[in-house]
Amino acid sequence: SSGINAEYGEDVVHDNKYKFSPSGTYYAPPSGPYDSFLSFIKNLPSSQLPEVFGMHDNVDISRELQGTKQLFEDLLVTQVQTSGGGGGSDSETTLNEIASDILTKIPASFDIEEAVEKYPVKYEESMNTVIVQEMERFNRLCDVIKLSLVNLQKAIKGLVVMSDSLEKVAGSLMIGKVPDLWSGHSYPSLKPLGSYVNDLVARLKFLQDWFENDKPPCFWVSGFYFTQAFLTGVKQNYARKYTIPIDRLDLDFEMLPCDEIDTSPEDGAYITGLFVEGARWDKKKMALAESLPKILYDTMPVIWLKPALKLEISTEGRYVSPVYKTSARQGQLSTTGHSTNFVLAINVPTIKPQKHWVLRGTCLLCSLDD
């Protein structure tokens, strides 16, 4: 609707040279003969600039990067499909090294019984349930990864049959791609294989530190497998503490002037780990600002999740930004009723009107693609 309002608003009718873009290159031509309109159209740029759609110039960079990424992915798949013979031994050695390297990086599974004993179900602390459930989810994922890699090593040695699923795992490992077998049991991620493994290890360390040292003062929100469970836990703790029905509550947000914090809030939770795309965070003005040239993402500061009554939350002077787990900005509705990619909407302070950031396609991301 923001784009439609910009193209078909009242100003277009009343202003003889209404500008559709900041540079003034695109504007509504004045009334005149037929030839004047043809001349006006011929003088427009042969390729449309992002500004005509209300977007930042960085969009061109994003589009070219996406096209390049897709091209190389297709080339790698073609290379795997066309290669064969002569290099079998080398390929098997490489596969075995990759599998061994990943297996050495992934730690042992979490001891769920010990976790339940240390963090039992408590009415006043929902985070105990969150950490145990997260450990269970990551255990299942790690079990799939470890089993597939161990079986792949056995198949290379000829101890087991190289099944179709193992062949697909091997093909993905050779081109640095996360196997579909893993993705089917994993949290959403667009990272290549190496970055995915490092990210997984970081998430496991986040949970291990939580287990050993109690819940952190500031949660790495990008490290959760099922983020919605954590968000519900934040509201649930507040609802039970003040005996308020949870369906009357929602989350309000406050951006703090820091990137790290060592203390926990009285109510709610501090989170970190979000990135903003289509804008940047101005630390001086404490508000969204235009992206700098050639810088596609910016990090967000510590955000305070503040449970509050829905009727008391205002969006005035704030951009209601969607938060996604990946830059794909699309997902599927899971059996829990939640999207596999969309997390929630966060109200971010802004000086410019909200429609400006809608046209910019501004959003927050839990994880980048690299």
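Anything mentioned here points back to the structure above.
Note that this is a predicted model, so its numbers are computed, not measured.

(A) Region of interest: helix H11 (residues 227-241). The end-to-end C-alpha distance of H11, which contains 15 residues, comes to 22 Å, matching closely the 21 Å that a straight helix rising 1.5 Å per residue would cover. Burial within H11 is extensive, with 11 of its 15 residues counted as buried. Taken together, the buried residues of H11 touch helix H7 (127-157), strand E1 (218-220), strand E2 (249-255), strand E3 (269-272), strand E8 (303-309) and strand E10 (342-349). Looking one or two places after H11, you find threonine 243, whose phi comes out positive at around 45 degrees.

(B) Here's a closer look at the nonpolar core. Ranked by internal contacts, the top residues of the largest apolar core, which has 68 residues, are Trp182, Trp210, Phe230, Leu274 and Ile346. Per-element accounting of this core gives the leading share, 14 residues, to H7. Not counting residues up to four positions away in its chain, the partners in contact with tryptophan 210 are Tyr119, Met127, Val130, Ile131, Lys215, Pro216, Phe219 and Phe224.

(C) Up close: empty space enclosed by the protein. If you walk through the whole model with that rule in mind, you get 2 cavities of 30 Å³ or more. In this structure, the largest cavity spans a volume of roughly 70 Å³. Lining the largest cavity, in full, are Tyr187, Pro188, Arg203, Ser222, Phe224, Tyr225, Thr227, Lys325, Cys366 and Ser367. Classifying every residue of the lining of the largest cavity by side-chain character gives 5 nonpolar, 3 polar and 2 charged. One number sums up the size of the second largest cavity: a volume of about 40 Å³. For the second largest cavity, the full set of lining residues is Val221, Thr227, Leu231, Ile271, Leu274, Val323, Val343, Leu344, Ile346 and Cys366. If you list the elements that add at least two residues to the lining of the second largest cavity, you get H11 and E10. Looking at which element gives the most residues to the lining of the second largest cavity, the answer is E10, with 3 residues.

(D) Spotlight on the environment of leucine 49. Considering the arrangement of structural elements, one finds leucine 49 in the loop between helix H3 (34-42) and helix H4 (58-82). Take leucine 49: its relative accessible area is 34%, and that puts it in the partly exposed class. When the C-alpha positions of leucine 49 and serine 163 are compared, they lie 50 Å apart, and in sequence the two are 114 residues distant.

(E) Inspection of the layout of surface pockets at higher detail. One number sums up the size of the largest pocket: a volume of about 1,400 Å³. For the largest pocket, the lining is made up of 43 residues, of which Gln66, Lys69, Leu190, Ser327 and Asp369 are closest to its centre. In terms of residue count, H4 provides more of the lining of the largest pocket than any other element does, 14 residues in total. Among the residues forming the lining of the largest pocket, the class breakdown is 17 nonpolar, 14 polar and 12 charged.

(F) Layout of a negative patch on the surface. Negative charge collects at one region of the surface, where Asp111, Glu113, Glu114 and Glu117 lie side by side. Assignment of secondary structure puts glutamate 113 in helix H6 (residues 112-118).

(G) Quick look at the side chain of asparagine 347. Note that asparagine 347 resides in strand E10. Sequence-distant contacts of asparagine 347, defined by excluding residues within four places in its chain, comprise Asp252, Phe253, Met255, Ile313, Ser314, Thr315, Arg318, Tyr319 and Val320.

(H) Geometry of the packing of H7 against helix H10 (residues 193-213). Here H7 crosses H10 at 145 degrees, and the two axes come no closer than 11 Å. Read as a crossing pair, H7 and H10 show a hand that is left-handed. For the pair formed by H7 and H10, the contact residues are Met127, Val130, Ile131, Glu134, Met135, Phe138, Leu141, Cys142 and Ile145 on the first element and Tyr196, Leu200, Arg203, Leu204, Leu207, Trp210 and Phe211 on the second. Taken together, the residues of the contact of H7 with H10 sort by class into 14 nonpolar, no polar and 2 charged.

(I) Structural detail: unusual backbone geometry. Phi angles above zero are rare outside glycine, and aspartate 214 is one such case at about 75 degrees. One can find aspartate 214 in the loop between H10 and E1. Positive phi values are uncommon outside glycine, yet lysine 294 reaches one of about 70 degrees. Relative to the helices and strands, lysine 294 resides in the loop between strand E6 (287-289) and strand E7 (297-299).

(J) The arrangement of the packing of aromatic side chains in detail. Following the criterion strictly, the structure yields 16 aromatic pairs and no others. Centre to centre, the rings of phenylalanine 219 and phenylalanine 230 are 4.9 Å apart; their planes meet at 50 degrees, and the pair counts as tilted. Here phenylalanine 219 is found in strand E1, whereas its partner phenylalanine 230 is found in helix H11, with 11 residues between them in sequence. One exposure class covers both phenylalanine 219 and phenylalanine 230, and it is buried. Aromatic pair tyrosine 238 and tyrosine 242: ring centres 4.7 Å apart, planes at 45 degrees, arrangement tilted. According to the relative accessible area criterion, tyrosine 238 is buried, its value standing at 18%. Overall, tyrosine 242 belongs to the partly exposed group, its relative accessible area being 36%. Ring pairs connect the aromatic residues Phe206, Trp210, Phe219, Trp220, Phe224 and Phe230, which therefore count as one cluster. Directly above the aromatic system of phenylalanine 211 lies the positively charged group of lysine 118, at a separation of 4.8 Å from the ring centroid.

Cut-offs applied
Residues numbered from 1 in each chain as written. Predicted model: local features only at pLDDT ≥ 70, side-chain atom pairs only at ≥ 80, totals over all residues. Heavy atoms only, no water. Helix = DSSP H or I, 4+ residues; strand = E, 2+ residues; numbered from the N terminus. Expected span 1.5 Å × (residues − 1). Buried < 20%, exposed > 50% of the residue type's maximum accessible area, 1.4 Å probe, protein only. Contact = heavy atoms within 4.5 Å. Core = buried A, V, L, I, M, F, W, Y, C linked by side-chain atoms within 4.5 Å. 1 Å grid on protein atoms, 1.4 Å probe; cavity = no way out; pocket = protein on both sides within 12 Å on 5 of 7 lines; lining within 4 Å. Points joined across faces, edges and corners; volume = space filled by probe spheres on them. Nonpolar A, V, L, I, M, F, W, Y, C, P; charged D, E, K, R; others polar. Patch = residues over 30% accessible without salt bridge, like charges linked within 9 Å, V, L, I, M, F, W, Y side chains within 5 Å. Areas by Shrake-Rupley, 256 points an atom, 1.4 Å probe, with all protein chains shown as cover. Salt bridge = Lys/Arg side-chain N within 4 Å of Asp/Glu carboxyl O. Lys, Arg positive; Asp, Glu negative; His and termini not counted. Charge placed at Lys NZ, Arg CZ, Asp CG, Glu CD. Axes fitted to C-alpha atoms, helices over the stretch in contact; angles between N-to-C directions. Left-handed = near helix turned anticlockwise from the far one by under 90°. Phe/Tyr/Trp six-rings, centres within 6.5 Å; stacked < 30°, edge-to-face > 60°. Lys NZ or Arg CZ within 6 Å of the ring centre and 35° of its normal.

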